[in-house]
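# Overview (structure and organization)
Listed below, chain by chain, are the residues.
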Amino acid sequence: ILSDTGCSRIGRPVYYSRTGMMKPKELVKFGYQKYRGCYIRGQEEVRVIKEIISEKLGYRLYRHIVVIDLAGYSMSHLSRDFMAMVRKVLPLSNMLYPESLEKLYIVNAPFVFTTAWSLLKAFIHSSTQKKITILGSNTKKNIEIMSEHIDPAEIPTWLGGGNDKPLEGICSTKFKVDERKNEQASSLGGRDLQLELKEVDDVVDHQRKYSKRASSGIDEKASHTTMSAADDQRMEIGN
């Protein structure tokens, strides 16, 4: 799994994903069900990490930061089958983990990504789109911009930062395959992963029904619940 976790200036988890190094053809062979399962597994493990950090800080840290490295991204990432899987997975974050994203940096974005972004952003909630910053391959500029949330010393060396220490992997170091059952029960609050995925299917079906209603003229606000700034602040301080 080409993902790691680090830390922001105020202690939020930073999820680094080397998406550009992933091989679309292999992921398509992997299949949507497993791809979705791994995606949710990663989200759940980030949630567990936030719970651990919150206990240490004495208040709830609900949000995290994501850095997606697109170095190596090519036309193969635009294949119809791969893009179809990505489009199906993207809405899950907003449906299952609303308002949990503090900031998303997409770095080393090549020109070809503009095509992908035009296809994908329609599946990303407007409030989430405002949290996304897309950057090119100017390492110095990228570090400068990301330093608002992340100390450059904590950014991995492969992104131009000063952190050359091995970062903790997602779906690998803490959650080993041979301990799958125990770790699934832990990361999912004692629930079975297959049950969780079945409920995801139900949520997606429900969302699709609402999307059809919205396209027919029904107010989108009736089918979405958003969190106010006051609610978010209460969540951050643990009240």
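Overview of the structure.

With that settled, consider the nonpolar core. With 26 residues, the main nonpolar core has Leu70, Tyr73, Leu104, Ile106 and Phe113 as its most contacted residues. Secondary-structure elements contributing two or more residues to this core are helix 2 (32-57), strand 3 (64-69), helix 3 (80-96), strand 4 (101-107) and helix 4 (113-120). The dominant element in this core, judged by the number of residues it contributes, is helix 3, at 5 residues. Excluding residues within four positions of it along the chain, Ile106 makes contact with Ile68, Leu70, Phe113, Ile132, Thr133, Ile134 and Leu135.

This paragraph deals with the side chain of Ser100. Within the secondary structure, Ser100 is located in the loop between helix 3 and strand 4. In this structure the side chain of Ser100 is engaged in a polar contact, spanning 2.8 Å, whose partner is the backbone oxygen of Tyr97. If we ignore the near neighbours within four places in the chain, the residues touching Ser100 are Lys50, Tyr62, Arg63 and His64.

Examined against the element boundaries, Ser17 turns out to sit in strand 2 (residues 13-17). Ser17 sits in the buried class, given a relative accessible area of 7%. Within the structure, the side chain of Ser17 is placed 3.0 Å from the side chain of Thr19, a separation counted as a polar contact.

With that settled, consider helix 3. Because each turn of an α-helix spans 3.6 residues, side chains separated by three or four positions in sequence point in the same direction. Spanning 17 residues, helix 3 covers 25 Å between terminal C-alpha atoms, matching the ideal 24 Å at 1.5 Å per step. Phe82, Met83, Met85, Val86, Val89 and Leu92 are the residues of helix 3 that are buried. Seen along its axis, helix 3 keeps its buried residues to an arc of 165°; they face one direction.

The N-to-C vectors of helix 3 and helix 4 enclose an angle of 45°; their axes lie 11 Å apart at closest approach. Taken together, the axes of helix 3 and helix 4 are oblique relative to one another. In the packing of helix 3 onto helix 4, the handedness of the crossing is right-handed. For the pair helix 3 and helix 4, the contacting residues are Met83, Val86, Arg87 and Leu90 in the first and Ala116, Leu119 and Leu120 in the second. Split into classes, the residues belonging to the contact of helix 3 with helix 4 amount to 6 nonpolar, no polar and 1 charged.

Here is what the cut-offs are and how they apply
Residues numbered from 1 in each chain as written. Predicted model: local features only at pLDDT ≥ 70, side-chain atom pairs only at ≥ 80, totals over all residues. Heavy atoms only, no water. Core = buried A, V, L, I, M, F, W, Y, C linked by side-chain atoms within 4.5 Å. Buried < 20%, exposed > 50% of the residue type's maximum accessible area, 1.4 Å probe, protein only. Helix = DSSP H or I, 4+ residues; strand = E, 2+ residues; numbered from the N terminus. Contact = heavy atoms within 4.5 Å. Polar contact = N/O pair within 3.5 Å; in protein donor to acceptor, adjacent residues only side chain to side chain. Expected span 1.5 Å × (residues − 1). Arc of directions from axis to C-beta. Axes fitted to C-alpha atoms, helices over the stretch in contact; angles between N-to-C directions. Parallel < 35°, antiparallel > 145°, perpendicular 65-115°, else oblique. Left-handed = near helix turned anticlockwise from the far one by under 90°. Nonpolar A, V, L, I, M, F, W, Y, C, P; charged D, E, K, R; others polar.

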